[in-house]
Amino acid sequence: LERLMMTDVRTLAPDEPLGRAAQLLLAGFQQDFPVVDATGAVVGVLTRRDLVTALGAHGEGASVGSAMRRDFPRATPDEPVEAVLQRLHG
């Protein structure tokens, strides 16, 4: 799985404004963003769809934490690709 993973990933903090996420979305190819706390632990994910919905509902000053998903599938670099794909499609 490691050979298929993106290595240049932009992350966001829960307290950052949605406007920052929108800037990153427009500036690059990344569509979804891991949200990490001060210790570097992944605490959520902000998808493009959730970002657009939250921007429309709450504006760019709302926090990333208010729009991120807290329940999301996870994978590790050493997992077999087939197992991850099966879990994502299941």
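What counts as what
Residues numbered from 1 in each chain as written. Predicted model: local features only at pLDDT ≥ 70, side-chain atom pairs only at ≥ 80, totals over all residues. Heavy atoms only, no water. Helix = DSSP H or I, 4+ residues; strand = E, 2+ residues; numbered from the N terminus. Buried < 20%, exposed > 50% of the residue type's maximum accessible area, 1.4 Å probe, protein only. Contact = heavy atoms within 4.5 Å. Core = buried A, V, L, I, M, F, W, Y, C linked by side-chain atoms within 4.5 Å. Pairing = 2+ DSSP bridges. Polar contact = N/O pair within 3.5 Å; in protein donor to acceptor, adjacent residues only side chain to side chain.

Let us now look at the overall build of the protein chain. The secondary structure content of the protein chain amounts to four helices and two strands. For the protein chain, the succession of helices and strands along the chain, N to C, is α-β-β-α-α-α. Dimensions along the principal axes, computed over C-alpha positions, put the protein chain at roughly 40 × 25 × 25 Å. Expressed as a percentage of its 90 residues, the buried residues of the protein chain come to 30%. Put simply, 50% of the contacts in the protein chain that link residues at least 6 apart link residues at least 24 apart.

Before going further, it helps to spend a moment on the nonpolar core. Formed by 14 residues in total, the largest nonpolar core has its most connected members in L12, L18, L46, L51 and V64. Of all the secondary-structure elements, those providing two or more residues to this core are α1 (18-27), β1 (33-36), α2 (48-58) and α3 (64-67). Examining the composition of this core, we find that four residues originate from one element, α1, more than from any other. Excluding anything up to four places from it in sequence, L51 contacts L18, A21, A22, L25 and L46.

With four bridges connecting them, β1 and strand β2 (residues 42-46) associate as antiparallel partners. Within the sheet, the bridge partner assigned to V36 lies in β2 and is V42.

Locating E79 in the fold gives a position in the loop between α3 and α4 (81-89). Spatially, the C-alpha atom of E79 lies 19 Å from that of A41, the residues being 38 residues apart in sequence. There is a polar contact of 2.8 Å between the side chain of E79 and the backbone nitrogen of T76.

As for its placement among the helices and strands, V36 is situated in strand β1. When the C-alpha positions of V36 and T11 are compared, they lie 6.7 Å apart, and in sequence the two are 25 residues distant. Other than its neighbours up to four places away in sequence, V36 contacts T11, L12, A13, P14, A41, V42 and V43.

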